[in-house]
2 protein chains.
Amino acid sequence: EKDEEEDVEGVTRVPVVRLRIGEVAEASSVVVLPVCAADEREVLEAPFECRSEGEFGVVVSEKGWGRWVVLPGWDPLVGLGKGGVVVSFADARVLPWKANRWYKEEAILVVADRSKIEVGADDGFYLVNGGDGKGLKVERGFTLKEKDFTQSLGTVLLVVRPPKEEDDDQLSDEDWE
Amino acid sequence: EKDEEEDVEGVTRVPVVRLRIGEVAEASSVVVLPVCAADEREVLEAPFECRSEGEFGVVVSEKGWGRWVVLPGWDPLVGLGKGGVVVSFADARVLPWKANRWYKEEAILVVADRSKIEVGADDGFYLVNGGDGKGLKVERGFTLKEKDFTQSLGTVLLVVRPPKEEDDDQLSDEDWE
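What counts as what
- Residues numbered from 1 in each chain as written.
- Chains lettered and ligands numbered in written order.
- Predicted model: local features only at pLDDT ≥ 70, side-chain atom pairs only at ≥ 80, totals over all residues.
- Heavy atoms only, no water.
- Helix = DSSP H or I, 4+ residues; strand = E, 2+ residues; numbered from the N terminus.
- Buried < 20%, exposed > 50% of the residue type's maximum accessible area, 1.4 Å probe, protein only.
- Contact = heavy atoms within 4.5 Å.
- Areas by Shrake-Rupley, 256 points an atom, 1.4 Å probe, with all protein chains shown as cover.
- Phe/Tyr/Trp six-rings, centres within 6.5 Å; stacked < 30°, edge-to-face > 60°.
- Core = buried A, V, L, I, M, F, W, Y, C linked by side-chain atoms within 4.5 Å.
- Salt bridge = Lys/Arg side-chain N within 4 Å of Asp/Glu carboxyl O.

Here's the deal with the overall build of chain A
- Counting secondary structure elements, chain A contains 5 helices and 11 strands.
- Per-residue burial for chain A yields a buried fraction of 47% across its 177 residues.
- Contacts in chain A between residues far apart in sequence, at least 24 positions, make up 66% of those at least 6 positions apart.
- Summed over all atoms, the accessible surface of chain A reaches about 8,800 Å², with 47% contributed by carbon and sulfur.

Structure representation (structure tokens):
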């Protein structure tokens, strides 16, 4: 299942992907990334470079880290070289677009690329520190530029929603969006 | 592909599994384990407890570690609680059974359970320090008992062979075994 964030003009910018229960991923295209809490220090500390080594695809990180996640080799992740990080949020209210019901009820993972911290495109999405002790959030390039922010913690590549207990009911799904 | 070590009496003890290229593993049954070089200190240092947390199956390790591998949720691994570790060897000559050609030409991963260090069954296989600076190897319970060894670094659960470049030629495969 794959839906995409659509902004007011209907332009798709950040893929929002729901992990399927028992989602199968070819071992050759699995991506392993370090996981952080929604905390700026952790995002800066998490290992920056992780490479896949040898025939077994052993993930070798530049430094030790204690939280990791395995994701299917989705398009935006496969091209991810250095700087990839996953930030886990208790719910999706940290996203800057319309807050449907699921935003408050589902945990999400935000995958960001820390090698791209420049606030570039107006329609890009960036991981930033919300300030005032509010922790991290995702913000639009346009909004950041309005506030004269030129740097972020990273460019957001993907938002991952958790698998659903039942994925047979399309109707219920439409209810929720 | 799954072959098994057969001892002289033809009794199967340790599964030897070849990873298939593009082997698919249900995300719900992927196993992530810390990887060590064939070095006693590393085996003792590698995180002992790794649990899977939350809906995304984030792997939370008791301490940071820099090398990890994702394996399909093969039977012997799924039941693995605390103590699981993967030791990577340049070739399979560290195994105590007959050395066919592939043993010298293929890297292997040995998956061991460090929560079971007692040398129990004669026909069990154990990860031990070969002594004399030879590094680690896999030894039979029977052999260890003859030397009055009662403890090992862990019980061997599984030996993993790398994916083959071509997995279309059953004949060539038989040549090699």
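Description of the packing of aromatic side chains
- If you walk through the whole model with that rule in mind, you get 1 aromatic pair over all chains.
- Consider the rings of Trp68 of chain A and Trp68 of chain B, whose centres lie 6.5 Å apart with planes at 50 degrees: the pair is tilted. On the criterion of chain membership, the pair formed by Trp68 of chain A in strand E6 (residues 58–71) and Trp68 of chain B in strand E6 (residues 58–71) is interchain, its members lying in two chains.
- Assessed through its relative accessible area of 1%, Trp68 of chain A is described here as buried.

Observations regarding the environment of Glu45 of chain A
Residues and elements named next belong to chain A.
- In this fold, Glu45 is placed in helix H1 (residues 40–45).
- It is 24 Å that separates the C-alpha atoms of Glu45 and Gly141, two residues lying 96 residues apart in sequence.
- Apart from residues no more than four positions distant in its own chain, Glu45 is found in contact with Lys63 and Trp65.

Thoughts on the nonpolar core
- Ranked by internal contacts, the top residues of the largest apolar core, which has 54 residues, are Ile108 and Leu127 of chain A together with Ile108 and Leu127 of chain B.
- The contacts of Leu127 of chain B, once residues within four sequence positions are left out, are Val43, Val87, Phe89, Ala112, Leu136, Lys137, Ser152, Leu153, Gly154 and Val156 of chain B.
- Listed in part, the 18 residues of the second largest apolar core include Val31, Trp74, Leu109 and Val111 of chain A.

What about the pattern of salt bridges?
- Applying the stated criterion to the full structure yields 16 salt bridges over all chains.
- Notably, a salt bridge pairs Glu53 of chain B with Arg67 of chain A, separated by 3.1 Å at the nearest N-O pair. Placement of the pair is Glu53 of chain B in strand E5 (residues 50–53) and Arg67 of chain A in strand E6, with the two residues belonging to separate chains.
- Judged by its relative accessible area of 30%, Glu53 of chain B falls in the partly exposed class.
- Salt bridges sharing common partners tie together Arg51 and Glu53 of chain A together with Arg67 of chain B.

Some points on the environment of Phe89 of chain A
All names here are of chain A.
- Note on placement: Phe89 falls in strand E7 (residues 84–89).
- Its relative accessible area of 6% is what places Phe89 among the buried residues.
- C-alpha of Phe89 to C-alpha of Val35: the two residues are 54 residues apart in sequence and 11 Å apart in space.

Bear in mind that shape data such as this cannot, by itself, settle questions of function.
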